[in-house]
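Structural overview
As a plain string of letters, each chain reads:
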Amino acid sequence: MAAKAKAIRVHELGGPEVMRWEEVEVGDPKEGEIRIRTTAIGVNFIDVYFRKGVYAAPAMPFTPGMEAVGVVTAVGPGLTGRKVGDVVAYAGNPMGSYAQEQILPASVAVPVPPSVDHKQAASVMLKGMTAHVLLRRVFKVQSGHTVLVHAAAGGVGSLLCQWANALGATVIGTVSNEEKAAQATQDGCHHVIIYTNEDVTTRVKEITSGKGVNVVYDSVGKDTYKASVECLASRGFMVSFGQSSGKPDPIPMSDLASKSLFLTRPSLMHYTATRDELLESAGEVFANVANGVLRVRVNHTYPLSEAARAHADLEARKTSGSIVLIPDS
Ligand code: NDP
């Protein structure tokens, strides 16, 4: 039976106010697809990029959102291995999770272990798998490494700090204020730099006795990339994975040559492109939630219909940890 549901829709690029709460036709799942009734939806900074047009948006109108947890309400013809009532989660493509109901390719949905609640799962699919990919695959953090994490109290940042600490690294985090600094310390940062009061490069050089860090995880972009490169040790890894403050300027090759640095700009999608990679990443994340390595901070929840408020707060740096939207009627 074709389903109608309510969803957030964007008809034009712009500020949070362009997100409207509207009725949409959901349809029935086709071959290889499932339909879910969403129960918790993760908000990610990438949703802001698409809404503003920083990343090329799909055809208008579109429903934003790239992460949700839900209950399967219908399965496509001939599909095996999934049934109505299953609890699943997904992160990445397809876009459109800011909705009460969503059609998904069954291949992107992973089962949610009963030990992880829906809000937690919606907080760690995209952000947790990003942390996994950054720490275990892009640069393999080991005991003895020193890592620098920008936006250390943010959604991804909080998980990165906890996980890097558990791997035995010395973790340095940057944050904008005291409250976020306290959270970053609880999340395993050995040193927290409040960048509004202190110079990041100077502090990192002090902390590392002039050596610099082995890897920088930089999601802030424009405002931080220069200091990030300065903070690296010889043969260090510059991992630029986001641009919350804007697109970073190009890095001259000579900046890399001066310390034999590595530069990479990873995207989660490329590291979870196969079903095996997806299941490995999701499995590691859920296992680490279950065994307590990752404490999921669902610091903010909003009704789905008020997604605009969540975006405004995220962009204003008012949030820490994860933001989850709860579908309302
Ligand atoms: P966060 O919770 O980290 O929110 C952004 C944080 O960045 C803010 O709270 C703020 O922390 C800091 N910040 C610094 N400058 C600005 C600015 N000008 N405007 C807004 N925020 C700023 O968001 P997410 O956890 O959702 O995402 C973190 C980053 O990771 C994003 O850039 C996102 O695009 C990226 N990402 C990339 C992925 C990939 O595959 N490459 C996958 C997932 C996320 P403070 O107040 O401490 O400065």
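Structure's up top.
This structure is a prediction, so every number in the text was calculated from the model and none was measured. (Residues numbered from 1 in each chain as written. Predicted model: local features only at pLDDT ≥ 70, side-chain atom pairs only at ≥ 80, totals over all residues. Heavy atoms only, no water.)

Digging into the overall build of the protein chain
Scanning the protein chain from terminus to terminus reveals 11 helices and 15 strands. Whereas a compact globule of 329 residues would reach a radius of gyration of roughly 20 Å, the protein chain reaches 20 Å, a difference of no more than 12%. Seen through its C-alpha atoms, the protein chain measures out along the principal axes to roughly 65 × 40 × 35 Å. Expressed as a percentage of the 329 residues in the protein chain, the buried residues total 54%. Intrachain contacts of the protein chain at a sequence separation of at least 6 include 67% that bridge at least 24 residues. Working note: accessible area of the protein chain is about 13800 Å², and carbon and sulfur atoms make up 52% of it. (Helix = DSSP H or I, 4+ residues; strand = E, 2+ residues; numbered from the N terminus. Rg over C-alpha atoms; globule rule 2.2 N^0.38 Å. Buried < 20%, exposed > 50% of the residue type's maximum accessible area, 1.4 Å probe, protein only. Contact = heavy atoms within 4.5 Å. Areas by Shrake-Rupley, 256 points an atom, 1.4 Å probe, with all protein chains shown as cover.)

Re the packing of aromatic side chains
Summed over all chains, the structure comprises five aromatic pairs. Relative to Tyr-49, the ring of Phe-45 lies with its centre 5.4 Å away and its plane at 55°, an arrangement referred to as tilted. With Phe-45 and Tyr-49 both in helix α1 (residues 45–52), this residue pair falls four residues apart, about one helical turn. Pairing Phe-139 with Phe-237 gives two aromatic rings, centres 4.9 Å apart and planes at 55°, and the pair type is tilted. (Phe/Tyr/Trp six-rings, centres within 6.5 Å; stacked < 30°, edge-to-face > 60°.)

Things to note about the site of the ligand
Around the ligand sit 28 residues in total, of which Tyr-49, Ser-176, Lys-180, Tyr-195 and Leu-268 are the nearest. In the model, an oxygen atom of the ligand is placed 3.4 Å from a nitrogen or oxygen of the Gln-243 main chain. Taken by itself the ligand offers 910 Å² of open surface, and the protein chains cover 93% of this. Looking at the shell around the ligand, the elements that each hand over two or more residues are α1, α3 (126–138), α4 (155–166) and α11 (307–315). For the shell around the ligand, the per-class residue count stands at 12 nonpolar, 12 polar and four charged. (Near = heavy atom within 4 Å. Polar contact = N/O pair within 3.5 Å; in protein donor to acceptor, adjacent residues only side chain to side chain. Nonpolar A, V, L, I, M, F, W, Y, C, P; charged D, E, K, R; others polar.)

Focus on the pairing of strand β10 (residues 191–194)
Along any regular strand, the residues point their side chains to alternate faces of the sheet. With four bridges connecting them, strand β9 (residues 170–175) and β10 associate as parallel partners. Bridge pairing in β10 places Gly-173 opposite Val-192. (Pairing = 2+ DSSP bridges.)

Quick word on unusual backbone geometry
Looking along the chain, the bond that leaves Met-60 and enters Pro-61 is cis, with omega of -15°. Note that Pro-61 resides in the loop between α1 and β4 (67–75). At the junction of Asn-93 and Pro-94, the peptide bond is cis and its omega measures out at 0° in the coordinates. Inspection of the secondary structure assignment puts Pro-94 in the loop between β5 (87–91) and β6 (101–105).

A word on the sheet that holds strand β8 (residues 146–149)
With parallel pairing, six strands are arranged side by side in an open sheet as β10-β9-β8-β11-β12-β13. Whereas interior strands pair on both sides, the edge strands pair on one side only; in this sheet they are β10 and β13 (262–264). Strand-to-strand twist in this sheet, taken as the mean axis angle between neighbours without regard to direction, amounts to 15°. Inspection of the sheet shows strand β11 (residues 213–218) paired to strand β12 (residues 232–240) by five bridges, in the parallel sense. Across the sheet, Tyr-217 pairs through a bridge with Val-239, a residue of β12. On the sheet, α4 packs against β8, β9 and β11 and is oriented at approximately 170° with respect to β8. Set on the sheet, helix α5 (residues 178–186) makes contact with β9 and β10; between it and β10 the angle comes to about 165°. (Axes fitted to C-alpha atoms, helices over the stretch in contact; angles between N-to-C directions.)

A word on α1
Residues lying three or four places apart along an α-helix face the same way, a consequence of the helix completing one turn every 3.6 residues. The buried fraction of α1 amounts to six of the eight residues, a majority that puts the element mostly inside the structure. Turning to α1, its buried residues are Ile-46, Asp-47, Val-48, Tyr-49, Phe-50 and Arg-51. Buried positions along α1 lie against β1 (4–10), β2 (19–25), β3 (33–43) and α11. Just beyond α1, the residue with positive phi is Gly-53, at close to 90°.

Examining the environment of Val-215
Checked against the element boundaries, Val-215 lands in strand β11. Judged by its relative accessible area of 0%, Val-215 falls in the buried class. In sequence terms Val-215 and Ala-151 are 64 residues apart; their C-alpha atoms lie 15 Å from each other.

Quick word on the side chain of His-300
Relative to the elements of secondary structure, His-300 occurs in strand β14 (residues 298–303). The contact partners of His-300, leaving out residues within four places of it in the chain, are Lys-318, Thr-319, Ser-320, Ser-322, Ile-323 and Val-324.

Details of the side chain of Ser-219
With respect to the helices and strands, the residue Ser-219 is situated in the loop between β11 and α7 (225–231). Discounting chain neighbours no more than four positions away, the residues touching Ser-219 are His-150, Ala-151, Phe-241, Gly-242, Gln-243 and Ser-244.

Distances and angles like these do not, on their own, reveal function.
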